[in-house]
Amino acid sequence: MAKLNTIVAILIFAFSLGAYSQTTTWEVSADQAAKKNPLEILPKNLALGRNIFKRSCVSCHGEKADGKGLIQSTSLIDEKFQKQTDGVVFYKISTGRDKMPPFGAMLKEDEIWSVINYLRVLVDPSAIPPPKNVKLELTTGEEIKSITATVLSADSAKLPLSEVDVHFYVKREFGLMRIGEMSNYTGADGKVKVVLPEKIVGDSEGNITLVVKIENNFLYNDNETMAVKKWGTPLLSHEDEFNRRALWGARDKSPVWLLLLANGIIAIVWAVIVYVIYNLFRIKKAGRIFIK
Amino acid sequence: MTDLYRKEIEIKKEQFQDLVSDLNSPLNRTGSSFKIWIGFLLLLIAMAGFMYVRQLQQGLGTTDMRDIASWGLYISDFVFLIAVSLVGSLITAILKLSNVKWVTPLTRISEIIAVAALIAALLIIVVDMGRPDRLWHIFVHGRLQSPIVWDILVVNTYLVISILLLYIPLIPDLALLRKTMGHKPKWQQKMYKILSLGWQGTEEQLRIMNLSLTALMVIIIPVALSIHTVTSWLFASTLRPGWDSTIFGPYFVSGAFMVGAATVIVTMYVIMTNYNFKAYITDKHFDLMGKLLVLTSLVYLYFNLNEFMVPAYKMKSGESAHILGLLVGEYSVLFWSVQILGMILPILLMIIKPFRKPKPLMIISVVVIIGAFLKRFLIVTPTLLHPFLPVQNYPESYHHYNPTFSEIMITVGSFAGIMLIISLFIKLFPIIPVYETAHEKGFPNEIINNS
């Protein structure tokens, strides 16, 4: 009996807690609100923040963070939201409320901070310097099939640029196939290398087109360069199979035996039919002679 | 002596006149019941036509054919009609060439059934097309490697031969009609005149006619076998459970002879009772046609045993759903009804002589025909409902096929069309060959030609 009472009590407590949490507001303590964002607004952090935003936030808050996702939610770009300090936003993302999940359990602190940075930049692009042009070079290894991208400043000094996100692709029939990681950052020498996977099918001679891109970068304008290499497995052509006479061939590629057989049968049968129709005229003619 | 001879000739002439007026009597009797019958058939055809116009406007969505069951009642009807048409070759060619004399009064019946069924079959295949306006593509873009092209070729060839085989024995009868039907409308007289080709019954004309008939009777046998074999290949040359069979050709042909014989029995019964042809279509004819139906049914039963026993014994994983669906599943009631009521029971009954009397035999034949039609449906549709490649994300209704009112009406319309062609033919031409009957009754050519 006592046990039952305990269970009932716990249930009532749980329900009341649930009811309470429905109407709860975020109580952000002063020291939490004062927490400073340890991350600088750097392109690398922004890229990370954007990736996490796209993965975890877009579904509810929308592509433009205006709260118009699959469900109606808080706009993250209006003034009311942006007025809050980084610390308050950090607390809210971490603890969650109602439909907003507690991301503190899913994301690292740095990741949450980078999302906050990204949200700040969304409404104030001037927080980051305008993107610059770069020089993108592509070199290929010969012993192992590797691609090296070199990013240099576009001015005459041609200084190597580090920490630039470069994307590597192989051109396919209808689009680009990504190779390497989602993000490949250049080192201090401005270079980043990716090894080509085995057994990439090329054209009939085995040529493949390698594409290196800088895209959607906060610091640099889009840039792309490509190279053709005979690194692929040659594409086997079945043209000959389709061009020879076969059952699966086109209309004018019927097998000879079928042509002979079918047309032979048709010729014999229709010869008899034509002969019989000719006989009808002979019958008519024979009748005419009789009348005369 | 000469007087006696002359008298004998006079008697013979009179007898021949009686025979002619007897066999031509359907042409002269057009009662109100016939008009009602024609009106009824035209009404059915008009309803089918209306449904077809609706189908043209709204597309094949008016049928219950969907992605999975893309062949339904129309294709079943097509296979059924092709099967029925085979009887023309069975009676007029196979039995005639074997010197079976008693089939003479049945030759024209079977041949007009063949022609009418073929015309309906060619129409129903167009009805089954979603875009009939592209029919000509099969002639312009068709590949000789495709069984569809063979089917088109062989069905049309068979139709031409059947029309010739219907027409050529009719020529002497047309010559008689030309002489005796002076009271008929002008167009009808003109038709008899043109079609009779100035037939005088000379030795030369007879020789050419018999030569032509023999040539046609020989050539129609392989063509008839190939028409239904090719139709079966439309199924058997695909990789489908239930169709992937090497005996599909003979299986179809034997089934065709069975339903064809049953169709002839029903038609000859109707003609015999309606036009009082008891003297020409006798109990003996029914008895022998009953025996023929038993024979063809037994052959078909044997093929059925092979067709279902072998796959059911193996129960290959891909085919088991289809086999079980027929034997114990969704279609089991229909399947066993068709096999038992439409085949085994008729065989058992028809072995007993009293059941080969006209009326019971006619009733049995009607059951056989219904069974044969449903059998075609069982061949076509359940297979499609069990594709080898799994299908996903289809509405539940796509996994079943229940013909719509529109499809049923159009199919009924095809039968009405066949009956209309036969009914009108009976009113325009003697349905029992006059010349051949007279010839077999021993009337000399002079009497036949000079009456």
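Up top is the structure.
What counts and how
- Residues numbered from 1 in each chain as written.
- Chains lettered and ligands numbered in written order.
- Predicted model: local features only at pLDDT ≥ 70, side-chain atom pairs only at ≥ 80, totals over all residues.
- Heavy atoms only, no water.
- Pairing = 2+ DSSP bridges.
- Helix = DSSP H or I, 4+ residues; strand = E, 2+ residues; numbered from the N terminus.
- Axes fitted to C-alpha atoms, helices over the stretch in contact; angles between N-to-C directions.
- Patch = residues over 30% accessible without salt bridge, like charges linked within 9 Å, V, L, I, M, F, W, Y side chains within 5 Å.
- Areas by Shrake-Rupley, 256 points an atom, 1.4 Å probe, with all protein chains shown as cover.
- Salt bridge = Lys/Arg side-chain N within 4 Å of Asp/Glu carboxyl O.
- Contact = heavy atoms within 4.5 Å.
- Buried area = accessible area lost by both parts, 1.4 Å probe.
- Polar contact = N/O pair within 3.5 Å; in protein donor to acceptor, adjacent residues only side chain to side chain.
- Nonpolar A, V, L, I, M, F, W, Y, C, P; charged D, E, K, R; others polar.
- Expected span 1.5 Å × (residues − 1).
- Buried < 20%, exposed > 50% of the residue type's maximum accessible area, 1.4 Å probe, protein only.
- Lys, Arg positive; Asp, Glu negative; His and termini not counted.
- Charge placed at Lys NZ, Arg CZ, Asp CG, Glu CD.
- Left-handed = near helix turned anticlockwise from the far one by under 90°.

Caption draft 1: How the structure looks around the sheet that holds strand E7 (residues 223–229) of chain A. Residues and elements named next belong to chain A. Spatially, 4 strands are ordered E4-E3-E6-E7 in an open sheet, and the strand pairing comes out antiparallel. A strand with exactly one partner marks an edge of an open sheet, and here the two such strands are strand E4 (176–185) and E7. The sheet shows a mean angle of 20° between the axes of neighbouring strands, direction not considered. As paired elements, strand E3 (residues 165–171) and E4 share 6 bridges and run antiparallel to each other. Residue pairing across strands places tyrosine 169 opposite arginine 178, the latter belonging to E4.

Caption draft 2: Highlighting the sheet that holds strand E1 (residues 134–140) of chain A. Residues and elements named next belong to chain A. Ordered by their spatial adjacency, 3 strands build an open sheet running E1-E2-E5, and the pairing between neighbours is antiparallel. Looking at which strands have only one partner, the edges of the open sheet turn out to be E1 and strand E5 (191–195). When the angles between neighbouring strand axes are averaged without regard to direction, this sheet yields 20°. As judged from the 7 bridges shared by E1 and strand E2 (residues 146–153), these two strands associate in the antiparallel manner. Across the sheet, the residue bridging to glutamate 137 is threonine 150, located in E2.

Caption draft 3: View of a nonpolar patch on the surface. Residue and element names in this part refer to chain B. There is a patch of nonpolar side chains on the surface, built from Trp336, Ile340, Leu341, Ile344, Leu345, Leu348, Ile351, Ile352, Phe355, Ile363 and Val367 and spanning about 940 Å² of accessible area. Of all elements in the fold, only helix H15 (332–351) and helix H16 (358–384) reach the threshold of two or more residues within the nonpolar patch. Looking at the nonpolar patch element by element, the count peaks at 7 residues for H15. Along the chain, leucine 345 falls in helix H15.

Caption draft 4: Just the interface of chain A and chain B, in detail. Facing 31 residues of chain A, the contacting portion of chain B comprises 32 residues. Both sides together, the interface formed by chain A and chain B hides about 2400 Å², and carbon and sulfur atoms give 73% of it. Considering only the side of chain A, the residues that lose the most area to chain B are Arg251, Leu280 and Ile283 of chain A, jointly responsible for 25% of the buried surface there. Inspection of the chain A/chain B interface yields 0 salt bridges. One can count 12 residue pairs in polar contact (both at pLDDT 80 or more) joining chain A with chain B. A breakdown of the residues in the side of chain A that touches chain B according to their chemical character gives 22 nonpolar, 5 polar and 4 charged.

Caption draft 5: Representation of helix H3 (residues 32–58) of chain B within the structure. Residues and elements named next belong to chain B. For H3, with 27 residues, the first-to-last C-alpha span of 39 Å sits near the 39 Å given by 1.5 Å per residue. Of all the residues in H3, the buried ones are Phe34, Ile38, Leu41, Leu44, Ala48, Met51, Tyr52 and Gln55. Buried residues along H3 sit against helix H4 (73–85), helix H6 (104–127), helix H12 (248–275) and helix H17 (405–428). Residue glycine 59 follows H3 closely and has a positive phi angle near 85°.

Caption draft 6: Expanded view of a negative patch on the surface. On the surface, a cluster of negative charge is made up of Glu10, Glu14, Asp18 and Asp22 of chain B. Looking at where aspartate 18 of chain B falls in the secondary structure, it is placed in helix H1 (residues 2–23).

Caption draft 7: Quick look at the pattern of salt bridges. Taken as a whole and assessed by the stated rule, the structure comprises 13 salt bridges over all chains. Of the charged contacts in the structure, one is a salt bridge between glutamate 215 of chain A and lysine 213 of chain A, with a shortest N-O distance of 4.0 Å. A relative accessible area of 17% places glutamate 215 of chain A in the buried class. Classification of lysine 213 of chain A as buried rests on a relative accessible area of 17%. Three or more residues are tied together by salt bridges with common partners; here these are Asp287, Lys291, Lys353 and Arg356 of chain B.

Caption draft 8: Spotlight on the packing of H3 of chain B against H17 of chain B. Residues and elements named next belong to chain B. The N-to-C vectors of H3 and H17 enclose an angle of 145°; their axes lie 8 Å apart at closest approach. In this structure, the crossing between H3 and H17 has a hand that is left-handed. A per-class count over the contact of H3 with H17 returns 19 nonpolar, 5 polar and 2 charged.

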